[in-house]
Every structure is written in structure tokens, then in C-alpha cells.
Amino acid sequence: MFQFLAISTGLSLALLLGATEWERRAIVARRLGPNGRAILTALAISAIGSLGVVVTAGVSGGWIFLLHLLGASILYHGVMGVFLVHGLQEVSARTFGYGES
């Protein structure tokens, strides 16, 4: 079970960091097209995929394990969303010169 959870978390992390890099490159190149769609789509895909992982782990480990994983998944996606979007906002501010005197 641990290997399954580690692989699914690694895939989620790769998806989120890949989308963040895609957004960062668009910001640095001053393209106005993406506007956060890649990171939002990646977060949605990761969250929906994690529900499948939670259900699979719940069937294997029981209801208590399911509830723990559900809480951990919500916390993980919330923290990742906040940190990644905050980082992209800092890149945008540096790129477009906001906050300079």
C-alpha cells in the first residue's frame, strides 16, 4: 500500500510542478494566454485522481484509513495550491516590475 501511495503522490507532484513550470515560462515570456489555466487544470486533475486513490486505499485498508487519506489529500492539495500560486505571483511581480520604487 505504501508503494501505491508513494507512486500516486509522486505522479501528482510531477503533474503540479510541471504545470507550474509551464505557467512560469509563460509569465517570463510575457505571454498573456495561459493565465493560470494550466495550474488550475493540474490541481483539478490531481484532486480527482486522488479521490480514486483514497477510495482504493479505503477498500484495502478500511474506513478509518480512507478518512485519514481524504483529510491528507485535502490538506496536500490546499497547501500545494497556495504555495504554487504564491510562487507564480512572485514571478509575475518580478517579471512585470511591480513593487519597484
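The residue count restarts for each chain, going from 1 along the sequence in the order it is written. Only residues with pLDDT of 70 or above have their local features reported here, since the model is predicted, and side-chain atom pairs are shown and tallied only from 80 upward, although totals for entire chains, interfaces and linings are computed over all residues. For side-chain calculations, the full set of non-hydrogen atoms in the structure is used, while hydrogens and water are omitted.

In the nomenclature of an unreviewed UniProt entry, the chain corresponds to DUF3325 domain-containing protein from the organism Cereibacter changlensis.

(A) Up close: the layout of surface pockets. Throughout, the protein atoms alone are placed on a 1 Å grid, and a set of points is a cavity if a 1.4 Å probe fits but cannot get out or a pocket if it is open with protein on both sides within 12 Å along at least five of seven lines; lining residues have an atom within 4 Å of a point. Grid points are joined across faces, edges and corners, and a volume is the space filled by probe spheres set on the points. Here the largest pocket is characterised by a volume of approximately 310 Å³. Lining the largest pocket are 15 residues, with Ser 8, Thr 9, Ser 50, Val 53 and Ser 73 sitting closest to its centre. Put simply, DSSP marks the helices as runs of H or I at least four residues long and the strands as runs of E at least two long, and each gets a number from the N terminus on. Only α1 (2-28), α2 (37-61) and α3 (63-96) provide two or more residues apiece to the lining of the largest pocket. The element best represented in the lining of the largest pocket is α2, accounting for 6 residues. All amino acids are sorted into three groups, where Ala, Val, Leu, Ile, Met, Phe, Trp, Tyr, Cys and Pro are nonpolar, Asp, Glu, Lys and Arg are charged, and the leftover types, Gly among them, are polar. Tallied by class, the residues present in the lining of the largest pocket amount to 7 nonpolar, 8 polar and no charged. Of the volumes computed, that of the second largest pocket is approximately 220 Å³. Together, 15 residues line the second largest pocket, and Glu 23, Ile 27, Asn 35, Gly 36 and Ser 92 are the ones closest to its centre. Listing elements by their share of the lining of the second largest pocket, those giving two or more residues are α1 and α3. Sorting elements by how many residues they give to the lining of the second largest pocket places α3 first, with 5 residues. Its residues assigned to classes, the lining of the second largest pocket shows 8 nonpolar, 4 polar and 3 charged.

(B) Geometry of the nonpolar core. In this text, buried Ala, Val, Leu, Ile, Met, Phe, Trp, Tyr and Cys residues form a nonpolar core when linked through side-chain atoms within 4.5 Å. Think of it in three bands: residues with accessible area under 20% of the maximum for their type are buried, residues over 50% are exposed, and the middle band is partly exposed, with areas taken using a 1.4 Å probe on protein chains only. Judged by nonpolar contacts, Leu 16, Ala 19, Ile 27, Ala 38, Ile 39, Ala 42, Leu 43, Met 80, Leu 84, Leu 88 and Val 91 together constitute the single largest core of 11 residues. Listed by contribution, the elements that provide at least two residues to this core are α1, α2 and α3. The contact definition used throughout considers only heavy atoms, calling two residues in contact when any of these lie within 4.5 Å. Those residues in contact with Leu 16, other than ones at most four positions away along the chain, are Ile 39, Ala 42, Leu 43, Ser 46, Tyr 76, Met 80 and Leu 84. Among the nonpolar cores identified, the runner-up in size contains 6 residues, and Leu 5, Val 53, Ala 57 and Leu 66 belong to it.

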